[in-house]
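# Chain and residue survey
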Amino acid sequence: SNLVAELDLQGEGMKERLLKEAEEAVQKTGGQLVEETMQYLVDTEHFVLEVLRLHPAVRMLTGIPTEDQILEAGDGRRYTIPAGLKVSASLDLAMRDENIYKCPHQMMLERYKDESVKNSLLYSAGRHGDNPTVKDHQCAGKVLIAMFGKWFVATYLLNYEAELTETPSWAVKRHPTGLPDGELKFKSFKKRD
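Source: prediction; values computed, not measured.

### Remarks on the overall build of the protein
Across its full length, the protein holds 6 helices and 8 strands. Each helix and strand of the protein, ordered N terminal to C terminal, gives the series α-α-α-β-β-β-β-α-α-β-β-α-β-β. Out of the 193 residues in the protein, the part that is buried amounts to 37%. Sequence separation of 24 or more characterises 62% of the internal contacts of the protein that already satisfy a separation of 6 or more. Put simply, the protein shows about 11800 Å² of open surface, and 53% of that area lies on carbon and sulfur atoms.

### Describing the packing of aromatic side chains
Applying the stated criterion across every chain, the model contains 4 aromatic pairs. Ring plane angle 25° and centroid distance 4.9 Å describe the contact between Tyr160 and Phe189, whose orientation is recorded as stacked. With Tyr160 in strand 7 (residues 160-164) and Phe189 in strand 8 (residues 186-191), the pair connects residues that are 29 residues apart, well separated along the chain. Tyr160 gets classed as partly exposed once you look at its relative accessible area, which sits at 28%. The interplanar angle of 65° and the centroid separation of 5.0 Å between the aromatic rings of Phe186 and Phe189 together place this pair among those described as edge-to-face. One aromatic cluster is present, formed by Phe152, Tyr156, Tyr160, Phe186 and Phe189 through successive ring pairs. Here Lys191 stacks its cationic end above the ring of Tyr160, 5.3 Å away from the centre of that ring.

### Here we look at the pattern of salt bridges
Scanning the model with the defined rule gives 14 salt bridges in all. For Glu12, the salt bridge identified is with Lys15, shortest N-O distance 3.6 Å. Separated by 3 residues within a single helix, Glu12 and Lys15 lie in helix 2 (residues 12-28), roughly one turn from each other. For Glu12, a relative accessible area of 49% corresponds to the partly exposed category. For Lys15, a relative accessible area of 11% corresponds to the buried category. Put simply, Glu115 and Lys118 hold a salt bridge, and the shortest N to O gap is 3.7 Å. Of this pair, Glu115 and Lys118 both sit in helix 5 (residues 115-118), 3 residues apart, which is roughly one turn of the helix. With a relative accessible area of 45%, Glu115 lands in the partly exposed category. Overall, Lys118 belongs to the buried group, its relative accessible area being 12%. Connected through shared salt-bridge partners, Asp8, Glu12 and Lys15 make up one network.

### Remarks on the packing of helix 3 (residues 42-54) against helix 6 (residues 142-159)
The contact between helix 3 and helix 6 brings their axes to 9 Å, and the two run at 115°. Seen from above, helix 3 lies across helix 6 with right-handed handedness. For the pair helix 3 and helix 6, contact is made by Thr44, Glu45, Phe47, Val48, Leu49 and Leu52 and by Ile145, Ala146, Gly149, Lys150 and Val153, respectively.

### Details of helix 3
Under the 1.5 Å per step criterion, the end-to-end length of helix 3 is 18 Å for 13 residues, consistent within 8% with the ideal 18 Å. Across the 13 residues of helix 3, 12 count as buried, placing the element largely inside the fold. Buried within helix 3 are the following residues: Asp43, Thr44, Glu45, His46, Phe47, Val48, Leu49, Glu50, Val51, Leu52, Arg53 and Leu54. In this structure, the buried residues of helix 3 make contact with helix 1 (2-10), helix 2, helix 5, strand 5 (122-123) and helix 6.

### Considering the side chain of Arg96
Here Arg96 shows up in the loop between helix 4 (91-94) and helix 5. Given a relative accessible area of 18%, Arg96 falls into the buried group. A polar contact of 3.2 Å, which involves the side chain of Arg96, links it to the backbone oxygen of Asp92.

Cut-offs applied
Residues numbered from 1 in each chain as written. Predicted model: local features only at pLDDT ≥ 70, side-chain atom pairs only at ≥ 80, totals over all residues. Heavy atoms only, no water. Helix = DSSP H or I, 4+ residues; strand = E, 2+ residues; numbered from the N terminus. Buried < 20%, exposed > 50% of the residue type's maximum accessible area, 1.4 Å probe, protein only. Contact = heavy atoms within 4.5 Å. Areas by Shrake-Rupley, 256 points an atom, 1.4 Å probe, with all protein chains shown as cover. Phe/Tyr/Trp six-rings, centres within 6.5 Å; stacked < 30°, edge-to-face > 60°. Lys NZ or Arg CZ within 6 Å of the ring centre and 35° of its normal. Salt bridge = Lys/Arg side-chain N within 4 Å of Asp/Glu carboxyl O. Axes fitted to C-alpha atoms, helices over the stretch in contact; angles between N-to-C directions. Left-handed = near helix turned anticlockwise from the far one by under 90°. Expected span 1.5 Å × (residues − 1). Polar contact = N/O pair within 3.5 Å; in protein donor to acceptor, adjacent residues only side chain to side chain.

Take a look at the structure:
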C-alpha cells in the first residue's frame, strides 16, 4: 500500500515518468513485462527504494550483542557497546540522516545514482548492498522485495489508472509497519485501454 500511496502523493508527474519508463522497457523486451524488463526499470527501482527508505517496514531494531562491539558514527566517533547490553535503534531516524540523504524528507529518485547512497539503505539486519551470510541474520529476501516492488509498480501503471479519494498521510500515527494513517480508498480505478 505504501507504493500506491506514494504514487498518488507524488502526483501525475511521477506516474507519467514511471509509466513512460515501463512502456519503453516493455518495448525492449518484446512487448511483455518479463524478468529481463526489470533491468530497464531504473527510476522505478529508485522509487521503490525511496518508499522503503521513507516508510521502513521495520522501524525499530533491538539487539543484544554476545561480545563487545565497536560502533563507529558517521562523524568518526567510536562507541563501545558491551556484550549483554540491550541496544535499540530507529530506522526512521537512520533513513533521514542528512549526512547521507540530501533533503531526507523528500522523495528524490536521483539520490540512488550514487551507489554509496543506495548501499546506505538499511533493512532490519543489514544494508541494501550487503549479501546475507549465515552469521549475520540478514533477510535473504531483501533483493526480492525491491524486485517485486518494481514489478508491482510497472504492472500497476501499465494496466491501471487510479486515483485515491484522499491524500495519504503518515503524520498522525505511525503504524508499526510504516503504513499510512488511514485506509487507502480509490476514487477511481479502471483498466487502461
